[in-house]
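Each chain, written out:
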Amino acid sequence: ALEAVMAGAAEKAARRARESAEHSELKFRRVRTEDQELLNSKSLSERSAGPPSLKLRIYRFVEEPGSSFAAEIWSYIIDAMIALSVVTIILQPMIDPGDGSQKAVWLTLDWTFTSVFIVEFVVRWAVCDATGQISHCKFFVLPNNIVDLVAIGPVPLEAILGLDAEEMRLLR
């Protein structure tokens, strides 16, 4: 009787293993087929579309550092400028004697960094719809772009509203 129960359990386990293997194989084939269809459709669309547009090439340059060596270098330059900008914001109160003698230097650094960041932001906005995945309006509500706007906003606001840099330090 025990042997019959054991044989039945073994047969049931073997059947479940076969069913599981068949299910996994079917799932794998479906995924592989979907992937192949996607690859075929991409290659077909790329063949019919021709070379990428200037807008798409610019998008890849500013948004995809791995798309080319130049894009990677540009990404490193922007990262270095962000780091230098933060360092100047941190060092200014420690180095500046407060008598206004260095105000032109700090203002020039602020405007230099901010100008580069504004140009980069505008270019990224201008080409954000190159892949068809994001609209110009949706660009502004993405978290990283909100951070960019908050980061570049204080310097132009100071100039427009005639505020002192110290009043906007917390926002920066």
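Please refer to the structure higher up on the page.
J.: So, the overall build of the chain: which residues are in play, and what are the values?
T.: Counting secondary structure elements, the chain contains 8 helices and 0 strands. Tracing the chain from N to C terminus, the helices and strands come up as α-α-α-α-α-α-α-α. Sorting the 172 residues of the chain into buried and exposed places 17% on the buried side. A separation of at least 24 residues holds for 51% of the contacts in the chain among residues at least 6 apart in sequence. When the accessible surface of the chain is totalled, it reaches about 12400 Å², and 66% of it is carbon and sulfur.

J.: How would you explain the pattern of salt bridges if you had to name every residue and give the values?
T.: The tally for this structure, following the rule as stated, stands at 4 salt bridges. Between Arg-124 and Glu-63 there is a salt bridge, and its shortest N-O distance comes to 2.8 Å. Of the two residues, Arg-124 is situated in helix H4 (residues 103–126) and Glu-63 in helix H2 (residues 54–63); the sequence distance between them amounts to 61 residues. Of the residues examined, Arg-124 reaches a relative accessible area of 5% and is grouped as buried. Assessed through its relative accessible area of 28%, Glu-63 is described here as partly exposed. Linked by salt bridges that have partners in common, Glu-63, Glu-120, Arg-124 and Asp-148 make up one network.

J.: Please provide a residue-by-residue account of the packing of aromatic side chains, values included.
T.: Going through the model one piece at a time under the given rule, you end up with 6 aromatic pairs. Between Phe-121 and Phe-140 the ring centres are 6.1 Å apart and the planes differ by 50°, which places this aromatic pair in the tilted class. Placement of Phe-121 in helix H4 and of Phe-140 in the loop between helix H5 (136–139) and helix H6 (143–152) is noted, with a sequence separation of 19 residues between them. Residue class for Phe-121 comes out buried when judged on its relative accessible area of 6%. Taken together, the aromatic side chains of Phe-121, Trp-125, Phe-139 and Phe-140 make up a single cluster linked through ring pairs.

J.: Just give me the short version of the packing of H2 against helix H3 (residues 69–95), but keep the residues and values in it.
T.: It is the contact of H2 with H3, at a shortest axis distance of 7 Å, that shows an interaxial angle of 45°. Accordingly, the angle class assigned to the pair H2 and H3 is oblique. Counting all contacts with H2, which are made through Arg-60, Phe-61 and Val-62, the residues of H3 involved are Ala-70, Ala-71 and Trp-74. Grouping the constituent residues of the contact of H2 with H3 by class yields 5 nonpolar, no polar and 1 charged.

J.: Give a detailed account of helix H7 (residues 154–161), specifying residues and quantitative values.
T.: Counting along an α-helix, one turn takes 3.6 residues, and residues three or four places apart therefore face a common direction. Taken together, the buried positions of H7 are Pro-154, Val-155, Pro-156 and Glu-158. The first or second residue beyond H7 is Gly-162, which carries a positive phi of 70°.

Conventions used here
Residues numbered from 1 in each chain as written. Predicted model: local features only at pLDDT ≥ 70, side-chain atom pairs only at ≥ 80, totals over all residues. Heavy atoms only, no water. Helix = DSSP H or I, 4+ residues; strand = E, 2+ residues; numbered from the N terminus. Buried < 20%, exposed > 50% of the residue type's maximum accessible area, 1.4 Å probe, protein only. Contact = heavy atoms within 4.5 Å. Areas by Shrake-Rupley, 256 points an atom, 1.4 Å probe, with all protein chains shown as cover. Salt bridge = Lys/Arg side-chain N within 4 Å of Asp/Glu carboxyl O. Phe/Tyr/Trp six-rings, centres within 6.5 Å; stacked < 30°, edge-to-face > 60°. Axes fitted to C-alpha atoms, helices over the stretch in contact; angles between N-to-C directions. Parallel < 35°, antiparallel > 145°, perpendicular 65-115°, else oblique. Nonpolar A, V, L, I, M, F, W, Y, C, P; charged D, E, K, R; others polar.

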